[in-house]
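# Geometric and topological summary
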Amino acid sequence: MTSTGQDSTTTRLRRSRHNPQSPLHDSSVTWKRSIKKGAVPRSSPSLAEVKKKGKMKKLGQAAEDDLIMGLQGLDMNPEAKVLVGTGLVFDEQLNEFHCLWDDSFPERPERLHAIKEQLIQEGLLDRCVSFQARFAEKEELMLVHSLEFIDLMETTQHMNERELRLLADTYDSVYLHPNSYTCACLASGSVLRLVDAVLGAEIRNGMAIIRPPGHHAQHSLMDGYCMFNHVAVAARYAQKKHRIQRVLIVDWDVHHGQGTQFTFDQDPSVLYFSIHRYEQGRFWPHLKASNWSTTGFGQGQGYTINVPWNQVGMRDADYIAAFLHILLPVAFEFQPQLVLVAAGFDAIQGDPKGEMATTPAGFAQLTHLLMGLAGGKLILSLEGGYNLRSLAEGVSASLHILLGDPCPMLESPGAPCPSAQASISSTLEALEPFWEVLVRPAETPEEDSVAEDGVQEIQEEGPWEPPVLPILTWPLLQARTGLIYDERMMSHCNLWDSHHPETPQRILRIMCHLEELGLAGRCVTLPVRPATEAELLTCHSAEYVERLRATEKMKTRELHREGANFDSIYICPSTFTCAQLATGSACRLVEAVLSGEVLNGVAVVRPPGHHAEQDTACGFCFFNSVAVAARHAQAISGHAMRILIVDWDIHHGNGTQHIFEDDPSVLYVSLHRFDRGTFFPMGDEGASSQVGKAAGTGFTVNVAWNGPRVGDAEYLAAWHRLVLPIAYEFNPELVLVSAGFDAARGDPLGGCQVSPEGYAHLTHLLMGLANGRIILILEGGYNLTSISESMAACTHALLGDLSPQLALLRPPQSGALASITETIQVHRRYWRSLRVTKSSPGQTKPEAAKVVLTRDQSSETATGRATLEKGPSASEDAVGGAELNQTPQASCTEKQTSAASPVPGATALLPPSQLTGNPKTLELGKEALETLEPQALGEESLLGEAAGGQDVDDSQLTQGFQDLADTNQDILHAVTPLLWCPHLVAVRPMSAANLDVTQPCKDCGTLQENWLCLSCYQVYCSRYVNAHMVRHHEVSGHPLVLSYIDLSTWCYPCQAYVHHQDLLDVKNITHQKKFGEDMPHPH
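Residues numbered from 1 in each chain as written. Predicted model: local features only at pLDDT ≥ 70, side-chain atom pairs only at ≥ 80, totals over all residues. Heavy atoms only, no water.

### Notes on the overall build of the protein chain
Looking only at helices and strands, the protein chain has 35 helices and 24 strands in total. Each of the 1083 residues in the protein chain was classed as buried or not, and the buried ones make up 64%. Considering only contacts in the protein chain between residues 6 or more positions apart, those separated by 24 or more positions represent 79%. Per element, the accessible surface of the protein chain, about 37,800 Å² overall, is 51% carbon and sulfur. (Helix = DSSP H or I, 4+ residues; strand = E, 2+ residues; numbered from the N terminus. Buried < 20%, exposed > 50% of the residue type's maximum accessible area, 1.4 Å probe, protein only. Contact = heavy atoms within 4.5 Å. Areas by Shrake-Rupley, 256 points an atom, 1.4 Å probe, with all protein chains shown as cover.)

### Some points on the packing of aromatic side chains
Counted by the stated rule, this structure contains 28 aromatic pairs. Pairing Phe345 with Phe363 gives two aromatic rings, centres 5.3 Å apart and planes at 65°, and the pair type is edge-to-face. Of the two residues, Phe345 sits in the loop between β7 (338–343) and α13 (360–370) while Phe363 sits in helix α13, which places them 18 residues apart along the sequence. Of the residues examined, Phe345 reaches a relative accessible area of 1% and is grouped as buried. Residue classification places Phe363 among the buried residues on the basis of a relative accessible area of 1%. The ring centre of Phe97 lies 3.8 Å from the NZ or CZ of Arg211, which sits over that ring. Directly above the aromatic system of Phe297 lies the positively charged group of Arg1023, at a separation of 4.4 Å from the ring centroid. (Phe/Tyr/Trp six-rings, centres within 6.5 Å; stacked < 30°, edge-to-face > 60°. Lys NZ or Arg CZ within 6 Å of the ring centre and 35° of its normal.)

### A look at the sheet that holds strand β4 (residues 247–251)
In space, the eight strands of this open sheet follow the order β2-β1-β3-β8-β7-β4-β5-β6, with parallel pairing throughout. The sheet is open, and its two edges are formed by β2 (129–131) and β6 (304–309), each paired on a single side. Adjacent strand axes in the sheet meet at a mean angle of 15°, parallel and antiparallel pairs treated alike. Direction of pairing for β7 relative to strand β8 (residues 378–382): parallel, over a ladder of five bridges. Bridging across to β8, Ala343 finds its partner in Leu382. Each of β1 (86–90), β3 (205–209) and β8 touches helix α5 (residues 110–121); the most contacted strand, β1, lies at about 140° to it. (Pairing = 2+ DSSP bridges. Axes fitted to C-alpha atoms, helices over the stretch in contact; angles between N-to-C directions.)

### A short note on the packing of helix α24 (residues 712–730) against helix α25 (residues 756–766)
At a closest axis distance of 10 Å, the pairing of α24 and α25 adopts a crossing angle of 10°. What the angle tells us is that α24 and α25 run roughly parallel. For the pair formed by α24 and α25, the contact residues are Asp712, Tyr715, Leu716, Trp719, His720 and Leu724 on the first element and Gly758, His761, Leu762, Leu765 and Leu766 on the second. Tallied by class, residues from the contact of α24 with α25 come to seven nonpolar, three polar and one charged. (Parallel < 35°, antiparallel > 145°, perpendicular 65-115°, else oblique. Nonpolar A, V, L, I, M, F, W, Y, C, P; charged D, E, K, R; others polar.)

### Considering the pattern of salt bridges
By the definition in use, this model includes 30 salt bridges. One salt bridge in this structure joins Arg127 and Asp405, with 2.9 Å as the shortest N-O distance. Linking Arg127 in the loop between α5 and β2 with Asp405 in the loop between α14 (388–402) and α15 (418–431), this pair joins segments that are 278 residues apart in sequence. Classification of Asp405 as buried rests on a relative accessible area of 17%. With a closest N to O distance of 2.9 Å, Glu393 and Arg389 form a salt bridge. You can see Glu393 and its partner Arg389 sitting in helix α14, four residues apart, about one turn around the helix. Several salt bridges share partner residues, and in doing so they unite Glu107, Arg111 and Arg211 into one network. (Salt bridge = Lys/Arg side-chain N within 4 Å of Asp/Glu carboxyl O.)

### Focus: the pairing of β3
Judged by how many residues are buried, β3 sits mostly within the fold: five of five residues are covered. By the alternation rule, side chains of β3 split into Asn205, Met207 and Ile209 and Gly206 and Ala208, which are all buried. For β3 and β8, the ladder comprises four bridges, and the chain directions are parallel. The residue of β8 that forms the bridge with Gly206 is Ile379.

### A closer look at the side chain of Asp316
One can find Asp316 in helix α12 (residues 316–334). Of the buried charged residues, Asp316 lacks a salt bridge, with Arg315 as the closest side chain of opposite charge at 8.9 Å. Setting aside residues up to four positions removed in sequence, Asp316 forms contacts with Thr358, Thr359, Gly362 and Leu410. (Lys, Arg positive; Asp, Glu negative; His and termini not counted.)

### Details of unusual backbone geometry
Note: most peptide bonds trans; most residues except glycine with negative phi. Cis geometry marks the peptide bond from Arg211 to Pro212, where omega comes out at 0°. Tracing the chain through its elements places Pro212 in the loop between β3 and α10 (230–241). The omega torsion of the bond from Arg606 to Pro607 falls at 0°, within 30 degrees of zero and hence cis. One non-glycine residue, Glu355, lies in the positive phi region at around 55°. Looking at the secondary structure, you find Glu355 in the loop between β7 and α13. One non-glycine residue, Arg709, adopts positive backbone phi at about 65°.

### Some thoughts on the sheet that holds strand β20 (residues 1010–1013)
Reading across the sheet, the five strands line up as β21-β20-β22-β23-β24 and stay open at both edges, with antiparallel pairing between neighbours. Both outer strands of the open sheet, β21 (1019–1021) and β24 (1056–1057), are each paired with one neighbouring strand and no more. For strand β23 (residues 1049–1051) and β24, the ladder comprises two bridges, and the chain directions are antiparallel. Bridge pairing links Trp1050 to Tyr1057 in β24. Each of β20, β21 and β22 (1040–1043) is contacted by helix α34 (residues 1028–1036), which is oriented at about 125° to β21, the strand it contacts most.

### Brief notes about the environment of Glu533
By the element assignment, Glu533 lies in helix α18 (residues 533–537). Here Glu533 falls in the partly exposed class, since its relative accessible area comes to 31%. Along the backbone, Glu533 and Gln580 are 47 residues apart, and their C-alpha atoms lie at a distance of 9.3 Å. In this structure Glu533 touches Val545, Glu546 and Arg549, once residues within four positions along its chain are discounted. In terms of polar contacts, Glu533 uses its side chain to reach the side chain of Arg549, at 2.4 Å. (Polar contact = N/O pair within 3.5 Å; in protein donor to acceptor, adjacent residues only side chain to side chain.)

### What to know about the nonpolar core
Trp252, Trp648 and Trp719 are the most contacted members of the largest nonpolar core, which totals 262 residues. In this structure, Trp719 is in contact with Val646, Trp648, Leu671, Leu724, Pro725, Leu762, Leu765 and Leu766, ignoring residues within four places of it in sequence. In this structure, Leu536, Val545, Phe566 and Phe576 belong to the second largest nonpolar core, which totals 14 residues. (Core = buried A, V, L, I, M, F, W, Y, C linked by side-chain atoms within 4.5 Å.)

### A look at the environment of His215
You can see His215 is positioned in the loop between β3 and α10. Residue His215 is classed as buried on the basis of its relative accessible area, which comes to 2%. The sequence separation of His215 and Met227 amounts to 12 residues, and the corresponding C-alpha distance is 8.9 Å. If near-sequence neighbours (up to four positions away) are discounted, His215 is found in contact with Cys226, Asn229, Asp251, Asp253, His255, His256, Gly257, Gln258, Gly259, Thr260, Ala342 and Glu383. Within the structure, the side chain of His215 is placed 2.7 Å from the side chain of Asp251, a separation counted as a polar contact.

### Side note on helix α26 (residues 784–798)
In this model α26 runs 21 Å from its N-terminal to its C-terminal C-alpha over 15 residues, within 8% of the 21 Å that 1.5 Å per residue would give. The backbone nitrogen of Thr785 lies 3.0 Å from a side-chain oxygen of the residue at the head of α26, namely Asn783. (Expected span 1.5 Å × (residues − 1).)

### Observations concerning the pairing of strand β9 (residues 481–484)
Judged by which residues are buried, β9 turns out to be covered on both faces: Thr481 and Leu483 on one side and Gly482 and Ile484 on the other are all buried. Two elements, β9 and strand β11 (residues 600–603), share four bridges in a ladder whose sense is parallel. Paired with Thr481 across the strands is Asn600, a residue of β11.

### Regarding the side chain of Thr304
Following the sequence through the fold, Thr304 ends up in strand β6. Of the residues examined, Thr304 reaches a relative accessible area of 1% and is grouped as buried. The residues touching Thr304, leaving out its near neighbours within four places in the chain, are Gln261, Asp265, Tyr272, Thr294, Thr295, Gly296 and Leu431.

The quantities given are spatial measurements derived from coordinates; they are silent on function.
Here you go:
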């Protein structure tokens, strides 16, 4: 699907109802190459005209007034309290339960003991605001769970071991203890306490270190170690008590949080994102609803996001790519007011259940990325994690970030593997109809392998081998942010034009504003020094340095003549000194950061530098401060330190690009107005096709905007799709920003609309790189209000203050998206992280989930009694208590759907009578299920399944039903229903005369896939058609429905299929009406 020419149906599905206006472009207008920097389009007065009339201030007043109005939403009051503090709930009472019949069970008290020891060792407990765990009230739990279920759980306090075990065995992968209910209530209440504290502005964020976990728990079901769903209850609680309208739930546990998904899959007020091991359905909980194709239902469609991993060994780069390409763009469009994280750490390398290869540092990165959302209102709730060291270090790393510590560097970030790219691409395509921000043109992956001019393509990584878990070290910071400024740099001025935009007032206004807001006082003020001759010569020729030095002694007329020899330059007697001070200030800040004196820094300097070439001044610039600073950093480090230079000045940094274009140790990324070569500095130097040369090929990245009005939406899209993926793959040791603010809203030269809040978010996202070592060096920016507010917003971010919430983002302009896509296409051959695209026409989708059983195995053994489908579908058939579905092999794509089946890739089943007579058909009766003893299932079966233990090895999975596969090339999916549910009392008796299996849906008249309500016997269509049965349930509360397709019975409150004696009468009547014969095995 491309960004243009979309069909009307897709357009209606999207959140935004309007299309972005393309920037006006008059192709008949051409601009001469001799136009100086500072010229503006003729649609408004040119800079020269403004100068002549002396009315710069008057003409800019309206834009400045608009800017000030827009800034009123920013709380920049110097008297305002900076919200600090990370809340922590850690209660020893939560260790007072364990599995009575298996001391080695993975979910055990030692998990919290290991975490506590780690936090004490790193001194984190004392740095947090401690909160006492509290009990969740029944009314609070009932926001998600049924009263009957809560009451049943409450009775477990008085059960003996035998009774507890019998009840636990009716659920999937759980155990019960007399204290389980109390601890589960404490765990839920702990998260609610943090919700109150965060939304009540007591703290900025928090973590609940709790057990048992919760994200598998459903409305009326325990599941996968979980009794109550803590994050789901917390989301509903925040909405009810604190009137929060939008909640984001992020689930990074290695197991899919089906309970949370089922709770909110029809609710557009909760965005649910899960990234989990799936392996085409072979990994617990074996649900097709865990696949990328499930996006929610009804009004909630598009608000369920699943990123399924289809192999083990997934790394930090895979998780980060999913966050950058999917989660963050959607979250910025969704604009949550609270972020809840189901924080399982069983994906960290070393975990016996997850078998993944992420690191604690990787989870620190994920936490940092989330802190830019919802104004920093972020709460982590512990879920899984069963390697004690991995778990403890994962919790510690995330807590460090919540406390404001810098992100540790990733040892080997690399790029997402091909399997991850495929999963992310599929998820993107599934979600694109619902989110404007995900719209992107189809791309051509066949170009990835093309290399020209002898350039070597980046090699794919070899097969994964489990590495040793790295030992993280956290720096002891003396101070956080360095600030460098000297009023002597104001002496550089234009002797002939007092209205020149590069005015001395620029740095004075910035500093005054930083002082007004109290930001300057929170920074470490560093002394300014001039750049040395040796430092300047690392980027400039000796002849050029001497030429500029000579201007100190020139007369006014000579200075004017010398300035005219360059492009867009004025020179005064103080110019050389000021340029030396500006460059020396950047070098001094580099020294402070690399020595650990400060973590990051801001250089409020002038004249700017990024246009300055090796031997010439250009565009208000004399010495290239950022380039000299980069070379100085490499000299200090003693090696070719990897340095990322991000240039967000609205003008292309031609000088910086040329200095480093053949150097692979410096990655230069510039985002600028290009206007097809007509915007200063003119020509094709800033085109996307400019990628560097020789060894530096691929290390010059240009995002060339071809029009005005580019704003926050476009810059964030570039960050998510291009800048950050490349940056994480490059893994810099230092980040330098050519921080020009002439793309800011209100700037007279840039004509763009980036807000101060937007710059704060761009800064925050870059702070995850290079151990947080980032330096902002002022370049351009010519609206004094804009640059002051923008630099203040960036300084807030560097100081670790909460990221401000952005105003409602419009969709990115189609022209800007085209520019981003063009750059991605150019650089995909050099950076594997850019190969995440939506599927192109003809690409084969990942095959459907497959769970195959051997003829002699129970479905309980293979699936852990999990349901492969969430909600009524036409692909299950109740046969002796087991439900089977058939799925075509991978030759059929998941988009193919038979008329009778809404399930992607599924076909309708044969009548049960035909199945029963087939010796190759699996038959499971109730008696067979009842004879299964927990001991016979083994340690990793009933109780271990949720942690990833598989009772059936791969050979068994693939050998099952071999004769059947040979004859019809189909694969059977086994689904085991509940053998009882508390809602069976709602089933009313009926007469055969009153049942008509051909009856259409009462609301829409469809004959396709209808369901029968077993309370009122009305007929409605399934959720995959028009969801009228779902709506009927919501209105009437009738819980149980029967499929006219396959006679399966679904319970809405239990979120599960049910097979029970009380249902056999109605099933038999329906079978007689449908097939003209009794059910073959009514028992």
